[in-house]
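So you can see what is in the structure, the chains are spelled out below.
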Amino acid sequence: MSRYWSPFIRALTPYVPGEQPVNSGLVKLNTNENPYAPSPKVLKAVRSHADETLRLYPDPEMKALKEAIAAYYGLASSQVFVGNGSDEILGLAFLTFFKQTRPILFPDITYSFYRVYCDIFQIKATQIPLSKTFDIQLVDYQIPNGGIIFPNPNAPTGKLLPLSAIKMLVQKNSASVVIIDEAYIDFGGESAVSLIQAFPNILVVQTLSKSRSLAGLRVGMAMGHADLIQGLDRSKNSFNSYPLDRLAAVGAVAAIKDDAYFQDTRHRIMKTRDQTVAKLKTMGFEISASAANFIFIRHKQVGAGTLFNRLRDKGILVRYFDKPRINDYLRVTIGTSTDMEAFFAALEQILP
Ligand SMILES: *Cc1c(COP(=O)(O)O)cnc(C)c1O
């Protein structure tokens, strides 16, 4: 705290990301990064553009990247927005669509950044409790609102809603924008991008951070009706005209275009996830089906706080949220099968 901070900033509680240790040798299963390297084509593109053109600003319209994304999803470029990670896009989207008279709606257990955006933009929110089994019950969202947002699959539970349920919600909720945060959709879900042509009030947000192994490049995208995208542009251009740098832009284009590499790595992660779940069940863990690159697990005898600390002592970093309802659970990112072997070996030493 400093007396120079504005009263507004003093009152904020910022988001706290998972620990990012430098060269620790820890097996890092705490922030849902992809354990596989980015596509070699991405690295080649970034290297070949690290040259004198960096003296120039990047294209403020990000035309080449929007075209690559539009072609991949069968959209028009005018239906695509890109940003410095999807976190930035979510922030701009809250500002653009959610500063309304009525409160916005999101689950009580979900990505904790949503609460933070509400605070910084002074947006009212009603948090809708998940069911006892941690499911999002969309009937609970059929009330007057200033907007709706949730991740699909949800974080940190990994639980997926079918596209048909999302379609029904978007259709019934035509008076406000529904944002589907698809950070993990490529690990087993069906994207709501297909609803964009029919519904003017859905915004689908995705990221290259998880399924395309590019958390370090900071590239996210939003897809929706051109009117929604124009609104996002107004917010972006009132804040930073160039959120993506030249290297991120060329790297992102290469990532979108290398579909073979993307398919291979995401399928590998899904396979490792299913093997991990089967093994953990034999070790006394309760796990519900995950459609993400992480699992949300609870041990029948050993508390999550204890497990978190003892795993860390053994060089395995996972995520523990000391919050009501979920403080019995650990969120564990799916790594390579070698990472998961190290995780199992540590657990075998810890568990009774
Ligand atoms: C990781 C994550 C994001 C942010 O991703 P970036 O593109 O790296 O900013 C957004 N939403 C959810 C639910 C996430 O887990």
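Keep in mind the model is a prediction, meaning the values are calculated, not measured.

Visitor: Please explain helix α5 (residues 113-121) as it appears in this structure.
Guide: Count 3.6 residues to each turn of an α-helix, and residues three or four apart come out pointing the same way. Taken as a whole, α5 has its buried residues at F113, Y114, V116, Y117 and C118. Buried residues belonging to α5 abut α4 (85-97), β3 (104-107), β4 (125-128), β5 (148-151) and β6 (178-181). Where α5 ends, the next residue or the one after it, Q122, has phi of about 55°, a positive value.

Visitor: Explain helix α2 (residues 40-48) here, please?
Guide: Among all positions in α2, only V42, A45 and V46 are buried. What you see down the axis of α2 is that its buried residues fit within an arc of 95°, all on one side. Those residues of α2 that are exposed and aimed more than 90 degrees away from the buried face are P40, K44 and R47. In this structure, the buried residues of α2 make contact with α8 (246-257). The N-terminus of α2 is capped by S39, whose side-chain oxygen sits 3.0 Å from the backbone nitrogen of K41.

Visitor: Just to check I follow, could you spell out the sheet that holds strand β12 (residues 319-320) for this structure?
Guide: Note on sheets: strands pair through backbone hydrogen bonds, and any given pair is parallel or antiparallel. Pairing is antiparallel across the open sheet formed by 4 strands, whose spatial order is β9-β10-β13-β12. Two strands close off the open sheet at either side, each with one partner strand: β9 (285-287) and β12. Relative to strand β10 (residues 294-299), β9 runs antiparallel, the two being bridged by 3 bridges. Across the sheet, I287 pairs through a bridge with I297, a residue of β10.

Visitor: Help me out: how do you make sense of a nonpolar patch on the surface in this one?
Guide: A cluster of nonpolar side chains, M1, Y4, W5, F8, I9 and I120, forms an exposed patch at the surface whose accessible area comes to about 690 Å². Looking at the secondary structure, you find I120 in helix α5.

Visitor: Just to check I follow, could you spell out the site of the ligand for this structure?
Guide: Near the ligand you find G85, S86, D87, L90, Y111, D181, A183, Y184, T207, S209, K210 and R218, and these make up its full shell. S209 is positioned such that a nitrogen or oxygen atom in its side chain is 2.6 Å from an oxygen atom of the ligand. Take K210: an N or O atom from its side chain is 3.0 Å from an oxygen atom of the ligand. Coverage of the ligand by the protein amounts to 92% of the 380 Å² it exposes when considered alone. Taken atom by atom, the bulk of the ligand overlaps the largest pocket. Per-element tally for the shell around the ligand: the top contributor is α4, with 4 residues. For the shell around the ligand, the class distribution of residues is 4 nonpolar, 4 polar and 4 charged.

Rules used in this analysis
- Residues numbered from 1 in each chain as written.
- Predicted model: local features only at pLDDT ≥ 70, side-chain atom pairs only at ≥ 80, totals over all residues.
- Heavy atoms only, no water.
- Buried < 20%, exposed > 50% of the residue type's maximum accessible area, 1.4 Å probe, protein only.
- Helix = DSSP H or I, 4+ residues; strand = E, 2+ residues; numbered from the N terminus.
- Contact = heavy atoms within 4.5 Å.
- Arc of directions from axis to C-beta.
- Polar contact = N/O pair within 3.5 Å; in protein donor to acceptor, adjacent residues only side chain to side chain.
- Pairing = 2+ DSSP bridges.
- Patch = residues over 30% accessible without salt bridge, like charges linked within 9 Å, V, L, I, M, F, W, Y side chains within 5 Å.
- Areas by Shrake-Rupley, 256 points an atom, 1.4 Å probe, with all protein chains shown as cover.
- Salt bridge = Lys/Arg side-chain N within 4 Å of Asp/Glu carboxyl O.
- Near = heavy atom within 4 Å.
- 1 Å grid on protein atoms, 1.4 Å probe; cavity = no way out; pocket = protein on both sides within 12 Å on 5 of 7 lines; lining within 4 Å.
- Sits in = over half its atoms within 2 Å of the grid points.
- Nonpolar A, V, L, I, M, F, W, Y, C, P; charged D, E, K, R; others polar.

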